[in-house]
Amino acid sequence: MDLDGARVVVAGASGVLGAAIARSLHGRGARLVLAGRDADRLAAVGVDAPVLTFDALDLERCAAVVDEAAELLGGLDVLVVAFGVAAFGPAEQAGDVITEHLLTVNTMAPMAMVRAAVPRFDGDGTAVVLSAILADHPTAGMAAYTASKAGLSAWLTAVRQEQRRQGVTVFDVRPPHIETGLADRAIEGEAPSMTAGATVEELVELVVDGIRDGRRELRYDLKERAFAGH
Ligand SMILES: NC(=O)c1ccc[n+]([C@@H]2O[C@H](COP(=O)([O-])OP(=O)(O)OC[C@H]3O[C@@H](n4cnc5c(N)ncnc54)[C@H](OP(=O)(O)O)[C@@H]3O)[C@@H](O)[C@H]2O)c1
(Lines give C-alpha, C1' and ligand atoms only; values in the text may rest on other atoms or scores of the structure.)
Protein backbone atom coordinates (compact mmCIF):
# COMPACT_ATOMS: atom_id res chain seq x y z
CA MET A 1 0.00 0.00 0.00
CA ASP A 2 1.18 3.49 -0.81
CA LEU A 3 1.16 5.26 2.55
CA ASP A 4 1.42 8.70 0.95
CA GLY A 5 -2.18 9.95 0.94
CA ALA A 6 -3.58 6.77 2.54
CA ARG A 7 -6.74 7.45 4.55
CA VAL A 8 -6.17 6.12 8.07
CA VAL A 9 -8.05 6.08 11.37
CA VAL A 10 -5.93 5.31 14.44
CA ALA A 11 -8.17 4.14 17.30
CA GLY A 12 -6.31 4.45 20.59
CA ALA A 13 -4.13 7.26 19.25
CA SER A 14 -3.67 8.73 22.75
CA GLY A 15 -1.74 5.64 23.91
CA VAL A 16 2.03 5.38 23.69
CA LEU A 17 2.05 2.90 20.79
CA GLY A 18 -0.99 4.42 19.05
CA ALA A 19 0.49 7.94 19.17
CA ALA A 20 3.85 6.75 17.87
CA ILE A 21 2.18 4.84 15.01
CA ALA A 22 0.06 7.91 14.18
CA ARG A 23 3.12 10.19 14.10
CA SER A 24 5.03 7.77 11.90
CA LEU A 25 2.15 7.36 9.44
CA HIS A 26 1.70 11.14 9.36
CA GLY A 27 5.40 11.50 8.58
CA ARG A 28 4.98 9.18 5.62
CA GLY A 29 2.17 11.28 4.16
CA ALA A 30 -0.92 9.43 5.40
CA ARG A 31 -4.14 11.41 6.02
CA LEU A 32 -5.26 10.67 9.56
CA VAL A 33 -8.21 10.74 11.90
CA LEU A 34 -7.23 10.27 15.56
CA ALA A 35 -9.74 8.45 17.75
CA GLY A 36 -9.64 7.88 21.50
CA ARG A 37 -11.33 8.43 24.84
CA ASP A 38 -10.14 11.94 25.53
CA ALA A 39 -9.96 14.85 23.05
CA ASP A 40 -7.23 16.68 25.01
CA ARG A 41 -4.95 13.64 25.04
CA LEU A 42 -5.55 13.18 21.31
CA ALA A 43 -4.66 16.84 20.68
CA ALA A 44 -1.42 16.28 22.62
CA VAL A 45 -0.31 13.64 20.06
CA GLY A 46 0.96 16.56 18.00
CA VAL A 47 -0.46 15.48 14.64
CA ASP A 48 -2.63 17.98 12.81
CA ALA A 49 -5.67 15.75 12.20
CA PRO A 50 -9.38 15.61 13.07
CA VAL A 51 -10.22 13.97 16.37
CA LEU A 52 -13.12 11.63 17.24
CA THR A 53 -13.92 10.32 20.70
CA PHE A 54 -15.23 6.92 21.77
CA ASP A 55 -15.17 4.65 24.79
CA ALA A 56 -14.37 1.04 23.91
CA LEU A 57 -16.91 -0.13 26.48
CA ASP A 58 -19.60 1.25 24.14
CA LEU A 59 -19.54 -1.16 21.18
CA GLU A 60 -22.08 0.73 19.08
CA ARG A 61 -19.94 3.84 19.38
CA CYS A 62 -16.87 1.82 18.30
CA ALA A 63 -18.54 1.00 14.98
CA ALA A 64 -19.90 4.52 14.57
CA VAL A 65 -16.47 6.09 15.04
CA VAL A 66 -15.09 4.08 12.11
CA ASP A 67 -18.01 5.22 9.94
CA GLU A 68 -17.49 8.85 10.98
CA ALA A 69 -13.76 8.63 10.25
CA ALA A 70 -14.49 7.22 6.77
CA GLU A 71 -16.92 10.08 6.14
CA LEU A 72 -14.32 12.66 7.22
CA LEU A 73 -11.63 11.07 5.05
CA GLY A 74 -13.84 10.38 2.02
CA GLY A 75 -13.23 6.62 2.37
CA LEU A 76 -10.91 4.41 4.36
CA ASP A 77 -7.70 2.56 3.50
CA VAL A 78 -6.37 1.61 6.94
CA LEU A 79 -7.84 1.01 10.39
CA VAL A 80 -5.29 0.85 13.21
CA VAL A 81 -6.58 -0.56 16.53
CA ALA A 82 -4.08 0.41 19.23
CA PHE A 83 -6.16 0.62 22.39
CA GLY A 84 -6.30 -1.95 25.18
CA VAL A 85 -6.07 -2.59 28.90
CA ALA A 86 -4.16 -5.08 31.05
CA ALA A 87 -4.98 -6.86 34.32
CA PHE A 88 -2.77 -9.00 36.56
CA GLY A 89 -3.11 -11.51 39.37
CA PRO A 90 -4.38 -15.08 39.87
CA ALA A 91 -7.38 -15.99 37.69
CA GLU A 92 -9.69 -16.45 40.65
CA GLN A 93 -9.09 -12.84 41.72
CA ALA A 94 -10.33 -11.30 38.48
CA GLY A 95 -14.09 -11.27 38.97
CA ASP A 96 -16.79 -10.94 36.34
CA VAL A 97 -16.56 -7.16 36.19
CA ILE A 98 -12.82 -7.10 35.45
CA THR A 99 -13.09 -10.02 33.04
CA GLU A 100 -15.98 -8.40 31.18
CA HIS A 101 -14.05 -5.12 30.98
CA LEU A 102 -11.01 -6.89 29.47
CA LEU A 103 -13.05 -8.91 26.98
CA THR A 104 -15.07 -5.86 25.93
CA VAL A 105 -12.17 -3.45 25.46
CA ASN A 106 -9.54 -5.91 24.17
CA THR A 107 -11.68 -8.33 22.17
CA MET A 108 -15.19 -7.13 21.34
CA ALA A 109 -14.38 -3.47 20.67
CA PRO A 110 -11.62 -4.25 18.11
CA MET A 111 -14.01 -6.78 16.50
CA ALA A 112 -16.74 -4.12 16.24
CA MET A 113 -14.28 -1.71 14.61
CA VAL A 114 -12.94 -4.24 12.10
CA ARG A 115 -16.51 -5.26 11.18
CA ALA A 116 -17.34 -1.60 10.55
CA ALA A 117 -14.15 -0.99 8.56
CA VAL A 118 -14.43 -3.89 6.10
CA PRO A 119 -17.32 -2.44 4.03
CA ARG A 120 -15.61 0.97 4.14
CA PHE A 121 -12.43 -0.40 2.56
CA ASP A 122 -14.18 -0.69 -0.78
CA GLY A 123 -12.17 -3.69 -1.93
CA ASP A 124 -8.66 -3.37 -0.64
CA GLY A 125 -7.76 -1.99 2.73
CA THR A 126 -5.83 -2.98 5.83
CA ALA A 127 -7.00 -3.63 9.37
CA VAL A 128 -4.01 -3.47 11.74
CA VAL A 129 -4.76 -4.69 15.24
CA LEU A 130 -2.43 -4.81 18.25
CA SER A 131 -3.15 -8.06 20.05
CA ALA A 132 -0.18 -9.35 22.09
CA ILE A 133 2.45 -12.06 22.53
CA LEU A 134 0.03 -13.56 25.08
CA ALA A 135 -1.98 -14.96 22.15
CA ASP A 136 1.02 -17.22 21.37
CA HIS A 137 2.17 -17.69 24.97
CA PRO A 138 -0.67 -17.86 27.51
CA THR A 139 0.85 -16.56 30.73
CA ALA A 140 0.17 -17.32 34.41
CA GLY A 141 -0.94 -14.30 36.39
CA MET A 142 -2.52 -12.80 33.27
CA ALA A 143 -5.21 -15.38 32.46
CA ALA A 144 -8.06 -13.04 31.56
CA TYR A 145 -5.74 -10.61 29.76
CA THR A 146 -4.34 -13.63 27.85
CA ALA A 147 -7.84 -14.84 26.97
CA SER A 148 -8.87 -11.43 25.67
CA LYS A 149 -5.87 -11.20 23.34
CA ALA A 150 -5.93 -14.87 22.25
CA GLY A 151 -9.63 -14.57 21.39
CA LEU A 152 -8.94 -11.43 19.38
CA SER A 153 -6.02 -13.00 17.55
CA ALA A 154 -8.00 -16.15 16.65
CA TRP A 155 -10.87 -14.01 15.37
CA LEU A 156 -8.45 -11.99 13.21
CA THR A 157 -7.07 -15.23 11.72
CA ALA A 158 -10.58 -16.35 10.70
CA VAL A 159 -11.47 -12.93 9.28
CA ARG A 160 -8.22 -12.89 7.29
CA GLN A 161 -9.27 -16.14 5.62
CA GLU A 162 -12.76 -14.78 4.89
CA GLN A 163 -11.43 -11.54 3.44
CA ARG A 164 -8.53 -12.87 1.37
CA ARG A 165 -10.50 -12.91 -1.89
CA GLN A 166 -11.93 -9.43 -1.23
CA GLY A 167 -8.43 -7.99 -1.03
CA VAL A 168 -8.65 -6.90 2.61
CA THR A 169 -5.44 -7.41 4.58
CA VAL A 170 -5.75 -8.30 8.26
CA PHE A 171 -2.48 -7.54 10.08
CA ASP A 172 -2.26 -9.08 13.58
CA VAL A 173 0.55 -7.46 15.58
CA ARG A 174 1.55 -9.49 18.64
CA PRO A 175 4.24 -7.48 20.46
CA PRO A 176 6.31 -8.64 23.43
CA HIS A 177 6.49 -6.48 26.56
CA ILE A 178 7.44 -2.90 25.70
CA GLU A 179 8.00 -0.17 28.30
CA THR A 180 5.01 2.08 27.65
CA GLY A 181 3.54 2.19 31.15
CA LEU A 182 0.57 0.03 30.06
CA ALA A 183 1.25 -2.40 32.92
CA ASP A 184 1.17 0.46 35.48
CA ARG A 185 -2.26 1.47 34.15
CA ALA A 186 -3.68 -2.04 34.68
CA ILE A 187 -7.35 -2.17 35.67
CA GLU A 188 -6.55 -4.85 38.29
CA GLY A 189 -3.49 -6.18 40.12
CA GLU A 190 0.21 -5.45 39.96
CA ALA A 191 2.37 -6.44 37.02
CA PRO A 192 5.21 -8.90 37.68
CA SER A 193 8.64 -7.63 36.74
CA MET A 194 8.98 -8.01 32.97
CA THR A 195 11.89 -7.54 30.60
CA ALA A 196 11.17 -5.49 27.53
CA GLY A 197 11.54 -7.44 24.29
CA ALA A 198 11.57 -4.38 22.06
CA THR A 199 11.43 -0.60 22.02
CA VAL A 200 8.51 1.54 20.91
CA GLU A 201 10.56 2.76 17.94
CA GLU A 202 11.42 -0.79 16.76
CA LEU A 203 7.81 -1.90 16.92
CA VAL A 204 6.44 1.19 15.19
CA GLU A 205 8.82 0.89 12.27
CA LEU A 206 7.87 -2.77 11.78
CA VAL A 207 4.16 -1.97 12.01
CA VAL A 208 4.27 0.92 9.55
CA ASP A 209 6.55 -0.93 7.10
CA GLY A 210 4.25 -3.94 7.54
CA ILE A 211 1.20 -1.90 6.50
CA ARG A 212 3.11 -0.69 3.43
CA ASP A 213 4.23 -4.24 2.56
CA GLY A 214 0.89 -6.00 3.13
CA ARG A 215 2.10 -8.10 6.09
CA ARG A 216 -0.40 -10.31 7.87
CA GLU A 217 1.38 -11.10 11.13
CA LEU A 218 4.08 -9.74 13.36
CA ARG A 219 4.97 -12.03 16.22
CA TYR A 220 7.86 -12.27 18.64
CA ASP A 221 10.10 -15.34 18.88
CA LEU A 222 11.03 -15.72 22.55
CA LYS A 223 13.95 -18.11 21.84
CA GLU A 224 15.50 -15.88 19.19
CA ARG A 225 14.47 -12.72 21.07
CA ALA A 226 13.47 -11.21 17.74
CA PHE A 227 10.39 -10.34 15.74
CA ALA A 228 9.16 -12.75 13.09
CA GLY A 229 6.18 -12.89 10.79
CA HIS A 230 5.02 -12.78 7.23
N1 LIG B 1 3.11 -2.19 25.94
C2 LIG B 1 3.18 -3.51 25.86
O3 LIG B 1 4.00 -4.18 26.50
C4 LIG B 1 2.25 -4.24 24.94
C5 LIG B 1 2.57 -5.56 24.58
C6 LIG B 1 1.68 -6.26 23.77
C7 LIG B 1 0.53 -5.66 23.33
N8 LIG B 1 0.26 -4.38 23.69
C9 LIG B 1 -1.02 -3.80 23.26
O10 LIG B 1 -0.79 -2.58 22.58
C11 LIG B 1 -1.92 -1.73 22.77
C12 LIG B 1 -1.44 -0.34 23.17
O13 LIG B 1 -0.78 -0.41 24.41
P14 LIG B 1 0.24 0.70 24.92
O15 LIG B 1 1.42 -0.03 25.41
O16 LIG B 1 0.40 1.80 23.93
O17 LIG B 1 -0.54 1.22 26.23
P18 LIG B 1 -1.12 2.64 26.63
O19 LIG B 1 -0.13 3.71 26.39
O20 LIG B 1 -1.65 2.47 28.02
O21 LIG B 1 -2.32 2.84 25.62
C22 LIG B 1 -3.57 2.25 25.85
C23 LIG B 1 -4.60 2.96 25.01
O24 LIG B 1 -5.86 2.31 25.20
C25 LIG B 1 -6.83 3.32 25.46
N26 LIG B 1 -7.95 2.83 26.22
C27 LIG B 1 -7.96 2.12 27.37
N28 LIG B 1 -9.22 1.88 27.76
C29 LIG B 1 -10.03 2.44 26.81
C30 LIG B 1 -11.42 2.55 26.65
N31 LIG B 1 -12.28 2.02 27.53
N32 LIG B 1 -11.90 3.20 25.57
C33 LIG B 1 -11.05 3.76 24.66
N34 LIG B 1 -9.72 3.69 24.77
C35 LIG B 1 -9.22 3.05 25.84
C36 LIG B 1 -6.06 4.40 26.22
O37 LIG B 1 -6.80 5.60 26.19
P38 LIG B 1 -6.51 6.82 27.20
O39 LIG B 1 -5.35 7.57 26.62
O40 LIG B 1 -7.79 7.57 27.17
O41 LIG B 1 -6.21 6.21 28.54
C42 LIG B 1 -4.80 4.44 25.39
O43 LIG B 1 -5.01 5.16 24.20
C44 LIG B 1 -2.82 -2.43 23.79
O45 LIG B 1 -3.84 -3.14 23.12
C46 LIG B 1 -1.89 -3.43 24.44
O47 LIG B 1 -2.57 -4.56 24.96
C48 LIG B 1 1.10 -3.65 24.47
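Residues numbered from 1 in each chain as written. Predicted model: local features only at pLDDT ≥ 70, side-chain atom pairs only at ≥ 80, totals over all residues. Heavy atoms only, no water.

Chemist: Explain the nonpolar core to me, please; I cannot follow it from the model alone.
Modeler: As a rule of thumb, nonpolar side chains are buried together in soluble globular proteins. Membership of the largest hydrophobic core comes to 47 residues, with the highest contact counts inside it found for Phe54, Val66, Leu76, Leu79, Phe83 and Met113. Per element, the largest residue contribution to this core is 10 residues, and it comes from helix α4 (residues 96–120). With residues up to four places along the chain from it excluded, the contact list for Phe83 reads Ala11, Gly12, Phe54, Ala56, Val105, Ala109, Pro110 and Met113. (Core = buried A, V, L, I, M, F, W, Y, C linked by side-chain atoms within 4.5 Å. Buried < 20%, exposed > 50% of the residue type's maximum accessible area, 1.4 Å probe, protein only. Helix = DSSP H or I, 4+ residues; strand = E, 2+ residues; numbered from the N terminus. Contact = heavy atoms within 4.5 Å.)

Chemist: When you look at unusual backbone geometry in this model, what are you seeing that I'm missing?
Modeler: Glycine aside, residues mostly have negative phi, and peptide bonds are mostly found in the trans state. Unusually for a residue other than glycine, Asp122 sits at a positive phi of about 55°. Relative to the assigned elements, Asp122 resides in the loop between α4 and β5 (125–130). Unusually for a residue other than glycine, Arg225 sits at a positive phi of about 50°. If you trace the backbone, Arg225 turns up in the loop between β7 (217–221) and β8 (226–228).

Chemist: I would appreciate a short explanation of the site of the ligand in the present structure.
Modeler: Taken together, 27 residues are adjacent to the ligand, and Ser14, Arg37, Arg41, Ile178 and Thr180 come closest. Gly15 has a polar backbone atom sitting 2.9 Å from an oxygen atom of the ligand. One of the backbone nitrogen or oxygen atoms of Phe83 is found 2.9 Å away from an oxygen atom of the ligand. Elements with a contribution of two residues or more to the shell around the ligand: α1 (16–27) and α5 (143–163). Tallied by class, the residues present in the shell around the ligand amount to 15 nonpolar, seven polar and five charged. (Near = heavy atom within 4 Å. Polar contact = N/O pair within 3.5 Å; in protein donor to acceptor, adjacent residues only side chain to side chain. Nonpolar A, V, L, I, M, F, W, Y, C, P; charged D, E, K, R; others polar.)

Chemist: I would appreciate a short explanation of the pattern of salt bridges in the present structure.
Modeler: For side chains of opposite charge, pairing can occur when their charged atoms come near one another. A full pass over the atoms with the stated rule returns 10 salt bridges. Taking the shortest distance from any N to any O, the salt bridge between Glu68 and Arg61 comes out at 2.8 Å. The class of Arg61 is partly exposed, set by a relative accessible area of 21%. With a shortest N-O distance of 2.8 Å, Arg212 and Asp213 are connected by a salt bridge. A single network of salt bridges, built from pairs that share partners, joins Arg28, Asp209, Arg212 and Asp213. (Salt bridge = Lys/Arg side-chain N within 4 Å of Asp/Glu carboxyl O.)

Chemist: What exactly am I supposed to notice about the sheet that holds strand β6 (residues 168–173) here?
Modeler: Sheets are built from strands paired through backbone hydrogen bonds, the pairs being either parallel or antiparallel. Spatial strand order, β3-β2-β1-β4-β5-β6-β7-β8: eight strands in an open sheet with mixed pairing. Both outer strands of the open sheet, β3 (51–53) and β8, are each paired with one neighbouring strand and no more. Recorded for the sheet is a direction-independent mean angle of 20° between the axes of neighbouring strands. Pairing analysis gives three bridges linking strand β2 (residues 31–36) to β3, with the strands arranged parallel. Note that in β3 the partner of Gly36 across the bridge is Thr53. Its contacts with the sheet put α5 on β5, β6 and β7, and the angle it makes with β6 is roughly 160°. (Pairing = 2+ DSSP bridges. Axes fitted to C-alpha atoms, helices over the stretch in contact; angles between N-to-C directions.)

Chemist: Would you explain the packing of α1 against helix α6 (residues 200–213) in this entry?
Modeler: Between two packed helices, both the angle of their axes relative to each other and the distance between the axes serve to describe the pair. Interhelical geometry of α1 versus α6 gives an angle of 50° and a closest axis separation of 10 Å. In terms of orientation, α1 lies oblique with respect to α6. The way α1 lies across α6 gives a crossing that is right-handed. Residues Val16, Leu17, Ala20, Ile21, Ser24 and Leu25 of α1 lie in contact with α6, whose contacting residues are Val200, Leu203, Val204, Val207, Val208 and Ile211. (Parallel < 35°, antiparallel > 145°, perpendicular 65-115°, else oblique. Left-handed = near helix turned anticlockwise from the far one by under 90°.)

Chemist: Help me out: how do you make sense of the environment of His177 in this one?
Modeler: Positionally, His177 belongs in the loop between β6 and α6. The sequence separation of His177 and Asp38 amounts to 139 residues, and the corresponding C-alpha distance is 25 Å. Each residue touching His177, except ones within four places of it in the same chain, is listed here: Met194, Thr195, Ala196, Gly197 and Ala198.

Chemist: What is the right way to read the pairing of β6 from this model?
Modeler: Two faces, one strand: in a regular strand the side chains alternate between the faces of the sheet. Among the six residues of β6, six are classified as buried, and the element is accordingly described as predominantly covered. Across the two faces of β6 the burial is the same, with Val168, Val170 and Asp172 and Thr169, Phe171 and Val173 all buried. Where β5 and β6 come together, six bridges link them in parallel fashion. Counterpart to Val129 in the pairing with β6 is Asp172. Each parallel crossover has a hand, and the one from β5 via α5 to β6 is right-handed. (Right-handed = clockwise from strand over helix to strand, strands pointing away.)

Chemist: Whenever I open this one, the environment of Leu42 confuses me. Can you help?
Modeler: Looking at where Leu42 falls in the secondary structure, it is placed in helix α2 (residues 39–43). We classify Leu42 as buried; its relative accessible area is 1%. With sequence-adjacent residues up to four places away left out, Leu42 is seen in contact with Ala13, Ser14, Leu34, Ala35, Gly36, Val51 and Leu52.

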